[in-house]
Amino acid sequence: IMVGAKLCSALALQEIKLLQDEIERLRDPQELNFTSSQLDELREENSRLKYRLNILKRSLQEEMSQNDNEMLNINQRLQQIFGEAINTAYPGLENPPLTVTPNQQAKFGDYQCNSAMAMAQVMKAKGRKISPREIAEKIVQNIPNNELIERTEIAGPGFINVHLKRMFVSKLLSSLLVNGVKPPSLKKKKKVVVDFSSPNIAKEMHVGHLRSTIIGDSMCRLFEFLGYEVLRLNHVGDWGTQFGMLIAHLQDKFPNYLSVSPPIGDLQAFYKESKKRFDEDEEFKRRAYQCVVKLQSKEPDFIKAWNLICDVSRNEFQKVYNCLDIRIEERGESYYQDMMTAVIKEFEEKGLVQLDEGRKIVFAPGQSIPLTIVKSDGGYTYDTSDLAAIKNRIFDEKADIIIYVTDSGQVLHFQVVFAAAQLIGWYDPKVIRVEHAGFGVVLGEDKKKFKTRSGDTVRLMDLLEEGLKRSMDKLKEKGRDKVLTPEDLVKAQRAVAFGCIKYADLSHNRINDYVFSFDKMLDDRGNTAAYLLYAFTRIRSIARLANIQEATLRTAVETTEVLLDHEKEWKLGKCILRFPEILQKITDDLLLHTLCDYLYELATTFTEFYDSCYCVEKDRQTGEVVKINMCRMLLCEATAAVMAKGFDILGINPVERM
C-alpha cells in the first residue's frame with residue numbers, strides 16, 4: 001500500500017507540474033493569436049485546468065496525510081473520485097448530486113454511481129435538456145486515474161456500475177490483518193457530549209430507562225472508537241420539591257440519620273410512603289415544603305439527608321450499570337442549580353422574557369409552545385435546568401457535538417430548548433451539532449406498553465436477572481454445561497443474557513417502538529445476538545480446532561497474500577471492508593440498527609464462504625488435518641476482527657468458548 005501511495009503521489013506531482021505549465025502558457029496572450037470565441041473557449045479550459053489542479057493538490061495532501069494503518073472508507077473514496085469526475089465534466093454545475101452505493105447484485109459490479117439521473121433533473125430545471133445516459137458517459141470519460149477502479153459500465157438510463165481492482169482490495173485486507181481494525185483518522189479531534197440514561201433519584205430504574213442506557217452507551221462507544229473525545233453524562237433527577245417530602249419522611253422514620261446511616265432497603269417503598277403522607281397529611285406537606293426551602297438554602301443537615309437518599313439510589317443504579325458494562329459520569333439537575341440565575345438574567349437582559357400570569361416564559365422562533373424559565377412561585381423548572389445544561393456544555397465543556405438520548409415523547413421539549421439556545425446566540429447549528437436522538441417505547445408481547453402482570457412498570461434489575469436465568473436455561477438446553485467449565489459457562493451466560501437484551505434493542509430502528517421478547521432474542525436463528533455470538537465463536541474456533549498456533553497466523557499475516565479468486569471470497573472480502581462506511585453512516589444519522597444489519601450480513605456472508613471454500617481439509621477416516629488454506633484462514637481472521645470491533649461498539653462482550 002505504501003508503494004502504491006508513493007507511486008500515486010509521484011504521478012499526481014507530475015500531473016500538477018504539467019497543469020501548472022499549461023496554465024502559465026494560457027495566461028500569456030502575446031504568444032496566442034485567437035479569435036474572441038476561441039479565447040472564450042480557452043478561458044473556460046483554463047478554469048477547468050485550475051479546478052483540476054486544486055483537486056489534485058488537495059487529493060495529494062489527503063493522500064500524503066493518510067495513515068497506512070487505517071481502514072479505507074471505499075465508498076467515501078469513490079465519492080471523491082466521482083465528485084472530481086462530475087466537477088471536471090460539468091464545472092459550472094453548483095453542488096451536483098453525488099450518490100454512490102454498494103451494488104446489491106454482483107453481476108452489476110461492486111458499487112454504483114447514480115448521480116446522472118439526478119443531475120439530468122437539475123439541468124432540466126435550469127433549461128438544459130441532456131439525457132442521463134449522456135451525462136453518465138461524460139462522467140466516465142472524466143474519471144481520474146485512481147488506485148481503486150478496475151472498470152466501469154453504464155447500464156440502463158444512466159447507472160454507472162463500478163468494478164473494483166481485486167489486487168487493491170486484497171492489499172486493504174492485508175493491511176487490516178497487519179494493523180488491526182482502525183478507523184480513518186479525524187481531520188480535527190472533536191468533543192462529543194452524550195446525555196443518556198438519566199433515571200430519577202429515589203425511584204428505581206425501570207424498562208423505560210433500558211433504551212436510553214443501551215443506545216446512549218453504544219453511541220459513546222462509536223464516537224470513542226472513531227477518535228472523538230467523549231463525555232458520557234447522566235442527567236439524573238436529583239433536585240426538586242419531591243426531596244422535601246423524602247427528607248421530612250427520613251427525619252420521622254430515622255430521627256438519628258445524622259449519626260447512624262439509615263437502613264433504607266427499598267427506596268421505592270420509601271418514596272411511596274412519603275408520597276402517601278404528602279397527599280393525605282397537610283401538616284406533613286407543610287413540613288415538606290419547609291424542607292425544600294432549607295435544602296435549596298444548602299443547610300448542612302438537609303444536604304446530608306439529601307446525599308443519603310441520593311447514595312442509596314446511586315448504589316441501585318450502579319448494579320444495573322455493572323451488569324450492562326456502562327461507564328457514565330453523574331451530573332444531575334443539582335449540578336446546574338447555581339447556573340440558572342445567570343441564564344434567566346441573560347434572557348431578561350436581551351429582552352426575550354415575557355410575563356404570563358406570574359410566570360416568566362420565552363418564545364423561540366418557529367415554536368408553538370414557550371419555555372417556562374421561572375414558575376409563578378419563583379421556582380425553576382426542567383426548562384431552566386436544560387437551558388443551563390446546554391449552555392454549560394457549549395461554553396464550559398466546549399462541545400462540538402451534543403446528543404440527548406431520551407424517549408421520543410420529549411422531542412418537542414428539546415426542539416424548543418435548542419431553538420431558544422440559538423435565539424440567544426449560544427450556538428450556530430452549522431458549527432455545533434446539537435441533536436435529540438429519540439426512541440420509541442418498549443412493548444410487551446401483547447403489543448401494549450411493557451408492564452408486569454399486576455400492571456406495574458417492570459424493574460430493570462428484575463428484567464436483567466430474568467435474562468440471566470433464561471440464558472442459562474438455553475445453554476443447558478444446548479448441552480453447553482457438559483462441555484464448558486463452570487467459569488466459562490457463567491461467562492457465556494452473561495454474554496448471551498446481556499448481549500441479547502442489548503442487541504434486541506439496538507437491532508431495531510430506535511425511532512420505532514419494539515416488542516420485548518426473551519424467546520425471540522434468545523433464538524439462535526435469524527438476526528439475533530444469540531446467532532451472531534455462536535457464529536463468532538465458531539469462526540474463532542476454526543484455527544484452534546485445526547491446531548494452528550497464534551504465531552503461525554501472525555507469520556501468515558506478514559507473508560501470505562489474501563487471494564480473492566473464488567466469488568465467495570470476493571464477496572466476503574468486500575463485505576469486511578464496508579465496515580468504515582457503515583460507521584460513517586451511523587455517525588451521520590445515529591441509527592445503530594445499521595451496524596446490527598451489517599454484522600448479520602457479514603456473518604451470513606461468511607457462512608456462504610465457509611460452505612463453498614474449504615479452509616481446513618481433514619481426512620474423512622481419521623479426522624486428521626490434511627491441508628490448510630492459509631489465505632482463507634486469514635479471511636476468517638479478518639471477519640472475526642471486524643465482528644469483534646462491531647460487538648464492542650454495541651457493548652456486547654463475546655466469549656471464545658460458548
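About the criteria used
Residues numbered from 1 in each chain as written. Predicted model: local features only at pLDDT ≥ 70, side-chain atom pairs only at ≥ 80, totals over all residues. Heavy atoms only, no water. Helix = DSSP H or I, 4+ residues; strand = E, 2+ residues; numbered from the N terminus. Buried < 20%, exposed > 50% of the residue type's maximum accessible area, 1.4 Å probe, protein only. Contact = heavy atoms within 4.5 Å. Areas by Shrake-Rupley, 256 points an atom, 1.4 Å probe, with all protein chains shown as cover. Lys, Arg positive; Asp, Glu negative; His and termini not counted. Charge placed at Lys NZ, Arg CZ, Asp CG, Glu CD. Expected span 1.5 Å × (residues − 1). Core = buried A, V, L, I, M, F, W, Y, C linked by side-chain atoms within 4.5 Å. Axes fitted to C-alpha atoms, helices over the stretch in contact; angles between N-to-C directions. Parallel < 35°, antiparallel > 145°, perpendicular 65-115°, else oblique. pLDDT = per-residue confidence, 0-100. UniProt positions renumbered as here; feature names shortened; annotations may be inferred. 1 Å grid on protein atoms, 1.4 Å probe; cavity = no way out; pocket = protein on both sides within 12 Å on 5 of 7 lines; lining within 4 Å. Points joined across faces, edges and corners; volume = space filled by probe spheres on them. Salt bridge = Lys/Arg side-chain N within 4 Å of Asp/Glu carboxyl O. Pairing = 2+ DSSP bridges.

Trainee: Explain the overall build of the chain to me, and be specific about the residues and the numbers.
Mentor: From N to C terminus, the chain includes 23 helices and 16 strands. Burial statistics for the chain: of 658 residues in total, 49% are counted as buried. Taking the intrachain contacts of the chain between residues at least 6 apart in sequence as the baseline, contacts between residues at least 24 apart amount to 74%. For the chain, the accessible area works out to roughly 32,400 Å², and carbon and sulfur atoms hold 49% of it. Seen as two clouds, the 91 positive and the 94 negative side-chain charges of the chain have centres 1 Å apart.

Trainee: Quick rundown of helix H6 (residues 166-179)? Include the residues and the values.
Mentor: Note that an α-helix has 3.6 residues per turn; residues three or four places apart therefore point the same way. End to end, H6 covers 20 Å across 14 residues, agreeing with the expected 20 Å (1.5 Å per residue, within 8%). Within H6, burial applies to Phe 168, Val 169, Ser 170, Leu 172, Leu 173, Ser 174, Ser 175, Leu 176 and Leu 177. Considering only its buried residues, H6 is in contact with helix H3 (74-89), strand S4 (159-164), helix H19 (550-559), helix H20 (567-577) and helix H23 (630-650). Gly 180 lies just past H6 and shows a positive phi near 85°.

Trainee: Give me the lowdown on the nonpolar core, citing residues and values where you can.
Mentor: Among the nonpolar cores identified, the biggest contains 172 residues, and Leu 210, Phe 516, Phe 579 and Leu 595 are the most heavily contacted of them. Among residues more than four places away in sequence, those in contact with Phe 579 are Met 71, Val 181, Phe 225, Leu 595, Tyr 598, Val 642, Lys 645, Gly 646 and Ile 649. Membership of the second largest hydrophobic core comes to 34 residues, among which are Ala 389, Ile 394, Phe 414 and Tyr 427.

Trainee: Tell me what's going on with the packing of helix H8 (residues 242-253) against helix H9 (residues 267-280), and back it up with residues and numbers.
Mentor: Close contact between H8 and H9 brings their axes to 9 Å; oriented N to C, the two are set at 100°. Judged on the interaxial angle alone, H9 and H8 are roughly perpendicular. On H9, the residues that touch Gln 242, Met 245, Leu 246, His 249, Leu 250, Asp 252 and Lys 253 of H8 are Phe 270, Tyr 271, Glu 273, Ser 274, Lys 275, Arg 277 and Phe 278.

Trainee: If you had to explain the confidence of the model for the chain to someone new, which residues and values would you point to?
Mentor: Mean pLDDT over the chain stands at 90; residues scoring 70 or higher make up 91%. Residue range residues 1-10 is modelled with pLDDT below 50. Its contacts to residues more than four positions away, or to other chains, number eleven contacts.

Trainee: Which residues make up the UniProt feature "domain: Arginyl tRNA synthetase N-terminal" (unreviewed entry) in the chain, and what are the values?
Mentor: Here, the residues flagged by UniProt with the feature "domain: Arginyl tRNA synthetase N-terminal" (unreviewed entry) are residues 76-164. As a span, residues 76-164 carries 39% helix and 21% strand, and end to end its C-alpha atoms are 14 Å apart.

Trainee: Requested: an account of unusual backbone geometry, with residues and values cited.
Mentor: Phi at Asp 325 is positive, roughly 60°, even though this residue is not glycine. Position of Asp 325 relative to the elements: it lies in the loop between helix H11 (300-324) and strand S7 (329-330). A positive phi angle is found at Leu 590, which is not glycine, with a value near 60°. Assessed through its relative accessible area of 1%, Leu 590 is described here as buried.

Trainee: Now, about the layout of surface pockets: what can you tell me, with residues and values included?
Mentor: Taken as a whole, the second largest pocket spans an internal volume of roughly 1,200 Å³. As for the second largest pocket, its lining consists of 44 residues, and the residues nearest its centre are Ser 198, Asn 200, His 206, Gly 208 and His 209. Mapped by element, the contributors of at least two residues to the lining of the second largest pocket are helix H7 (207-225), H9, helix H13 (382-396) and helix H14 (411-423).

Trainee: Account for the pattern of salt bridges, with residues named and values stated.
Mentor: When the charged atoms of two side chains with opposite charge come close together, those side chains can pair. All chains considered together, the criterion is met by 48 salt bridges. Linking Asp 110 and Lys 574 is a salt bridge whose minimum nitrogen-to-oxygen distance equals 2.7 Å. Linking Asp 110 in the loop between strand S1 (100-102) and strand S2 (111-113) with Lys 574 in helix H20, this pair joins segments that are 464 residues apart in sequence. For the residue pair Asp 110 and Lys 574, the accessibility class agrees, reading buried in each case. Overlapping salt bridges, with partners in common, bring together Asp 217, Arg 221, Glu 224, Arg 232, Asp 325, Arg 327, Lys 645 and Asp 648 in one network.

Trainee: How would you summarise the pairing of strand S3 (residues 149-155) if you had to cite specific residues and measurements?
Mentor: Bridge count for S3 against S4 is six bridges, and the pairing is antiparallel. Bridge pairing links Arg 151 to His 163 in S4. Connecting S3 to the antiparallel partner S4 that follows it, the hairpin turn spans three residues, and Gly 156 within it adopts a positive phi of roughly 55°.

Trainee: Could you give an account of the sheet that holds S2, with specific residues and numbers?
Mentor: Strand order in the open sheet formed by four strands is S1-S2-S4-S3, with antiparallel pairing between adjacent strands. With partners counted over all chains shown, the strands left at the sheet margins are S1 and S3, one partner each. Within the sheet, the average angular offset between the axes of one strand and its neighbour, ignoring direction, is 25°. In this sheet, S2 lies alongside S1 in antiparallel orientation, the contact comprising three bridges. The partner of Val 100 across the bridge, within S2, is Cys 113. In the packing of helix H5 (residues 132-141) onto the sheet, contacts are made with S3 and S4, and the angle to S3 comes to roughly 165°.

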